[in-house]
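Breakdown of the fold
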Amino acid sequence: MKLIADSGSTKIEWCVLDNGKVVKQVLTEGINAVLLTEEEIALTIGQQLVPHVAGLSIDEIYYYGAGCLFESICNNVRKALAGNIPSARKIVVESDMLAAARAVCGDDPGIVCILGTGSNSCYYDGNNIVDNVPSLGYILGDEGSGAVLGKMLVGDALKRQMPQQLVDKFMAQYGLTPQLIIENVYRKPGANRFLASLSPFLAENIEEPSVHRLVLNAFKAFFVRNVENYNGYKDTPVHFVGSIAVCYREVIEEAAKALYINIGKIVKSPMEGLVEYHSK
């Protein structure tokens, strides 16, 4: 049996395969391997996953996770998994970016993008990630992400770039004032999550010209500052994974068309593609 994990900071989707067939799916609390020790990772796995897979003869584990960027971090996850699932003879720990690439490209080359609270991208040659424009987070980068869309929304609302009626609607819907926005962005932790939580307002009001323009410019900036840095980007399909990508599919396609970029797959989660990839 194979155990596949798609791990984010908020949740982990686990899937057990037996001869290519899904026999069990489990959802647990997320793990960001950069922020947790081996012991903390092991505790989460032991408490939340092990009771659901006890008795299953798992031979191989493929774990794709947020924060799995360096060998020392991957090793912590590997040891935490080994301690909890001793039957596994093979444990592979990789980044969530590689999960996205394998899910939408399989063995074919492509440019792969993740759009969620943050954003990221890479060039995948069909086997490995061979180029990666750094995402840099929502202050320096993360173009097209939920956090940056929220940041742009707040900026335009407070800078009078939107009709006052729309600004009033936004403030009332989220119970905000300029003072509360400043406090949440500059004085409280998790500003990126706060800003991302506001971005659904854009999707709900996408027919408003000022909103459509904001979102379209955001995705054009994503393409220009990320995708256009990869060699051969005009001749390579650009795939997307993530909730933001699915939500704004039409605007992403509009931005891509304006820049002569070829859009490939757009999926919310990589798990279905990972199941197919690891069933071969």
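Shown above is the structure to which this text applies.
What comes next concerns the included structure. All of these numbers come straight from a predicted model, not from anything done at the bench.

**Here we look at the overall build of the chain**
Within the chain one finds 14 helices and 10 strands. Whereas a compact globule of 280 residues would reach a radius of gyration of roughly 19 Å, the chain reaches 20 Å, a difference of no more than 12%. Structurally, the chain occupies a C-alpha span of about 60 × 45 × 30 Å along its principal axes. Counted over contacts in the chain with a minimum sequence separation of 6, partners at least 24 positions apart contribute 65%.

**Considerations on the pairing of strand 1 (residues 2–7)**
Within strand 1, 5 of the 6 residues are buried, which leaves the element mostly enclosed by the surrounding structure. The pairing of strand 1 with strand 2 (residues 11–18) spans 6 bridges and is classified as antiparallel. Within strand 2, the position partnered with K2 by the bridge is L17. Following strand 1, the chain reverses through 3 residues before pairing antiparallel with strand 2.

**Quick word on the environment of A147**
With respect to the helices and strands, the residue A147 is situated in helix 6 (residues 146–158). For A147 and E39, which are 108 residues apart along the polypeptide, the C-alpha to C-alpha distance reads 31 Å. If sequence neighbours within four positions are ignored, A147 has contacts with T117, Y138, N192, L195 and A196.

**Quick word on the packing of aromatic side chains**
With the rule as written, the count across this model stands at 8 aromatic pairs. A ring pair is formed by W14 and Y63, whose centres lie 6.0 Å apart and whose planes are at 55°; its orientation type is tilted. Note that W14 is positioned in strand 2 and Y63 in strand 4 (residues 60–65), a separation of 49 residues in sequence. Of the two residues, W14 and Y63, both sit in the buried class. Ring centres 6.0 Å apart and planes at 70° place the aromatic pair F222 and F223 in the edge-to-face group. Like F223, F222 is buried. Put simply, the rings of F170, Y174 and F201 touch in pairs and so form one group of aromatic residues.

**A word on unusual backbone geometry**
Residues other than glycine predominantly adopt negative phi, and peptide bonds predominantly adopt the trans conformation. Positive phi outside glycine occurs at R160, with the angle close to 60°. Mapping R160 onto the fold places it in the loop between helix 6 and helix 7 (164–174). Looking at R160, the relative accessible area reads 73%, which means it is exposed.

**What about the pattern of salt bridges?**
With the rule as written, the count across this model stands at 4 salt bridges. For R225, the salt bridge identified is with E143, shortest N-O distance 2.6 Å. Of this pair, R225 sits in helix 11 (residues 209–225) while E143 is found in the loop between helix 5 (137–140) and helix 6, placing the two residues 82 residues apart along the sequence.

**Here we look at the sheet that holds strand 6 (residues 110–115)**
Hydrogen bonding along the main chain pairs the strands of a sheet, whether they run parallel or antiparallel. With mixed pairing, 5 strands are arranged side by side in an open sheet as 8-7-6-9-10. Of all the strands in the sheet, the pair left with one neighbour each is strand 8 (129–131) and strand 10 (263–267). Adjacent strand axes in the sheet meet at a mean angle of 30° when their direction is disregarded. When strand 6 meets strand 9 (residues 238–241), the two strands line up parallel, connected through 4 bridges. Looking at strand 9, one finds that C113 is bridged to F240. Relative to strand 10, helix 13 (residues 249–258) is tilted by about 165°, and along the sheet it contacts strand 6, strand 9 and strand 10.

**What about the packing of helix 6 against helix 11?**
Where helix 6 meets helix 11, the closest approach of the two axes is 10 Å, and the angle between their N-to-C directions is 140°. The angle between helix 6 and helix 11 places the two elements in the oblique class. With respect to the hand of their crossing, helix 6 and helix 11 are arranged in right-handed fashion. Listed contacts from helix 11 to L149, M152, L153 and D156 of helix 6 are L214, V215, A218 and F219. Across the contact of helix 6 with helix 11, the residue classes tally to 7 nonpolar, no polar and 1 charged.

Cut-offs applied
- Residues numbered from 1 in each chain as written.
- Predicted model: local features only at pLDDT ≥ 70, side-chain atom pairs only at ≥ 80, totals over all residues.
- Heavy atoms only, no water.
- Helix = DSSP H or I, 4+ residues; strand = E, 2+ residues; numbered from the N terminus.
- Rg over C-alpha atoms; globule rule 2.2 N^0.38 Å.
- Contact = heavy atoms within 4.5 Å.
- Buried < 20%, exposed > 50% of the residue type's maximum accessible area, 1.4 Å probe, protein only.
- Pairing = 2+ DSSP bridges.
- Phe/Tyr/Trp six-rings, centres within 6.5 Å; stacked < 30°, edge-to-face > 60°.
- Salt bridge = Lys/Arg side-chain N within 4 Å of Asp/Glu carboxyl O.
- Axes fitted to C-alpha atoms, helices over the stretch in contact; angles between N-to-C directions.
- Parallel < 35°, antiparallel > 145°, perpendicular 65-115°, else oblique.
- Left-handed = near helix turned anticlockwise from the far one by under 90°.
- Nonpolar A, V, L, I, M, F, W, Y, C, P; charged D, E, K, R; others polar.

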